[in-house]
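Analysis of the macromolecular model
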Amino acid sequence: MAALSEITLLRLVAQRLAGSRADSAAGAVAHLTAVQAQHHPGALTSVALRTTKGTRRAVEVALDAGEVVKSWPMRGTLHLVTAADLPWMLEVLAPRVLARNARRRAQLGLDEPALGRARDLAVEALRGGGRMRREELLAVWDAGGLEPAGGRGYHMLVHLSMTGTLCFGPSAAGEQQIVLLEEWIPAPRRPEREEALRELAERYFRGHGPATVRDFLRWTDLPAADARAGVALARSGLDTVEADGTEYLMDPETPRLLDAHRDEARGVFLLPGFDEFVLATPTAARCSPPSSPSASFPAATVCSGRPWWRAAGSSGPGSTPAAARSGGRRRLRSRSSTRRPPRRFPSCTPPCPADRSSRRRARPRSAPSARERERHLCRGVRVRKPVGEPFRMVHAPEPGRCTPRTEESCAAKGGPRAAEVEDCADPGVNAGSGAGVMEIRAFAETDRAELRGLFGRAGEGAPTASLWGHEESEAAVYLDPYMDLEPRSLFVAVADGALVGYLAGCLDSSTFPDESERMKKAIRTHRLVLRPGPAAFFARSLVDMAWAALRREPTAGDFGDARWPAHLHINVAPRTRGTGAADGLMERWLDRLKETGSPGCHLQTLVENTRAVRFFERMGFAGYGPTPLVPGIRYGGRRFHQQTMVWSP
């Protein structure tokens, strides 16, 4: 019988996170069978970590060459698979998801004639090696009378991808283009169904095991009868091991690999939040110590030599839980290196994360804070920039090293509710069964009406939820100019086909109408001084400016510094905060800044909105300049002050 900690170590070498790596991106993807990819930069990193080159660029090259393909082969979630595998995986795994989505398609008015029309238009536009960005394909459907707004375009794209018409092909300007599957994959494999089930089971257990039959069932979302049939056919080529009374299946070579690479497997690993190691096996057996095998997997796990669990928490608007995060250099280096950390971590046993008083008692006075731990660990693996995919740090636990905790005790001491832990710990696992799958993409013209609606509700609960109480004029200042003048710097977050967040950016503020200019225009156009709500706001603004002048204090204004010419606004819907939407939007924006060679970016938030300030700091921004009073804004009777923050590549 093996300990659960041994199961975790075996999985690390089976998934090629420790030990030998694949020679190519296609080899790494083929070994895992599929790599979850709704967060594209994170998927690139997951594959790169399992290759000898260790670069995301090599994975991008494989995607552009058609060796690896992105589509919706299983669970209704985007995955990377090898080109040869995609057609037969769609045939085996997609029908159940398509049936499950039928009700939603009916609600959107997408009947068979409409889907057939969408297929005909797409084939006509792409035939002969054509390639289109998503927004271009949506425009084709819109011109054909299919009205892709309101989630219809998303569901048409997913349906045509699952039924084998479309898939994602090469990239252009940082965005994957859509192609015809039969042209992009001219020589697919098509095994018989029984052989396909056997191969699916065998490859899953060889690439992810030790794992249980239940793990396989959840990972594939197959009907139980099909999953058990596949396991029965593959069992003869697999080994079994028992842990905590449960049978696990694995590749017979995995124990030998662990013996050869045990020291590396016991190191510390930075992994993207949607990595297969995080998602493909149960939370309890994956990282919980034997002393608490039923504990929910925490939303952030930071370990160094000793297991360290930390409760879920959100450190920014729309951010994922406060985990060890980093965007990473393109060149990814040692997975378990602890090269020259500024301060060594204490060797004490970490207490329950929610028990703050016991944490203070147990931690030596010289121990670094949680923030220092996060920063030091990121430096340890030579991953420097703090933006990017939501990385988790995972470590094979040692028996009895973590204080057991119950859901009730954490909740009682300010920890997360059970639903918060589950939602944040395994985003995307249940995507096929109705949970939201987060996708970050460029703004399309068909998004305009829905984005205006999102603008009205995205800031709820924040001090600046509504400035002067007139939504149309506020949108005319803070949203419409970006849709009209710089749509390529506008990105949206989509869950279940609906917009749930957006980032509006500008590459050069000197060429963009400044905020005071836009506000004056909105006041004239909408006659705001004649409306009671806006008139009260502007009256307060005059009082605040007079008060600041008497005290000889500055008031908030536009920022103009050629070192940081770009700027941004970001907002996510309240229900989406803590899901990674804000992180994904910021990642796309920072990638665009780097692609265009921008020297820097600035933003302006409120000093008192500490949650937002912490989020932007984690994304790589730093406070700059004075913090003047913001005239007119009140929240809970308090005045607020402007915080300018800057970012440089």
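Anyway, here's the lowdown on the structure attached to this text.

Cut-offs used in this document
Residues numbered from 1 in each chain as written. Predicted model: local features only at pLDDT ≥ 70, side-chain atom pairs only at ≥ 80, totals over all residues. Heavy atoms only, no water. Helix = DSSP H or I, 4+ residues; strand = E, 2+ residues; numbered from the N terminus. Buried < 20%, exposed > 50% of the residue type's maximum accessible area, 1.4 Å probe, protein only. Contact = heavy atoms within 4.5 Å. Areas by Shrake-Rupley, 256 points an atom, 1.4 Å probe, with all protein chains shown as cover. Axes fitted to C-alpha atoms, helices over the stretch in contact; angles between N-to-C directions. Parallel < 35°, antiparallel > 145°, perpendicular 65-115°, else oblique. Nonpolar A, V, L, I, M, F, W, Y, C, P; charged D, E, K, R; others polar. Phe/Tyr/Trp six-rings, centres within 6.5 Å; stacked < 30°, edge-to-face > 60°. Lys NZ or Arg CZ within 6 Å of the ring centre and 35° of its normal.

Turning our eyes to something else, we now look at the overall build of the chain. Helix and strand counts for the chain come out as 26 helices and 19 strands. Taking all 649 residues of the chain together, 56% fall into the buried category. Taking the contacts inside the chain whose residues are at least 6 apart along the sequence as the reference set, 74% of them involve residues at least 24 apart. Carbon and sulfur atoms form 50% of the exposed surface of the chain, whose accessible area is close to 26,400 Å².

This brings us to the packing of helix H6 (residues 112-126) against helix H8 (residues 152-162). Where H6 contacts H8, the axes come no closer than 10 Å and their chain directions differ by 75 degrees. Viewed along their axes, H6 and H8 adopt a mutual orientation that is roughly perpendicular. Residue-level contacts link Leu115, Ala118, Arg119 and Ala122 of H6 to Met156, His159 and Leu160 of H8.

Contact pair helix H10 (residues 193-208) / helix H12 (residues 224-234): the axes reach a minimum separation of 7 Å and the direction vectors enclose 75 degrees. If you check the angle between H10 and H12, you find them roughly perpendicular. For the pair formed by H10 and H12, the contact residues are Arg193, Glu194, Leu197, Arg198, Ala201, Glu202 and Phe205 on the first element and Asp226, Gly230, Val231, Leu233 and Ala234 on the second. Residue composition of the contact of H10 with H12, grouped by class: six nonpolar, one polar and five charged.

With respect to the secondary-structure elements, Glu439 resides in strand E12 (residues 438-442). On the basis of relative accessible area, Glu439 is assigned to the buried category, the value being 7%. For the pair formed by Glu439 and Asp496, sequence separation is 57 residues and the distance between their alpha carbons is 9.0 Å. Apart from the residues within four sequence positions on either side, Glu439 is in contact with Gln38, Arg134, Tyr154, Val492, Ala493 and Val494.

This model, assessed by the stated rule, comprises twelve aromatic pairs. The interplanar angle of 70 degrees and the centroid separation of 6.2 Å between the aromatic rings of Phe616 and Phe621 together place this pair among those described as edge-to-face. The pair Phe616 / Phe621 is uniform in exposure class, with both members buried. Taken together, the ring pairs connect Tyr204, Phe205, Phe216 and Trp219 into an aromatic cluster. Above the face of the Phe168 ring, Lys70 is positioned so that its terminal group lies 5.2 Å from the ring centre.

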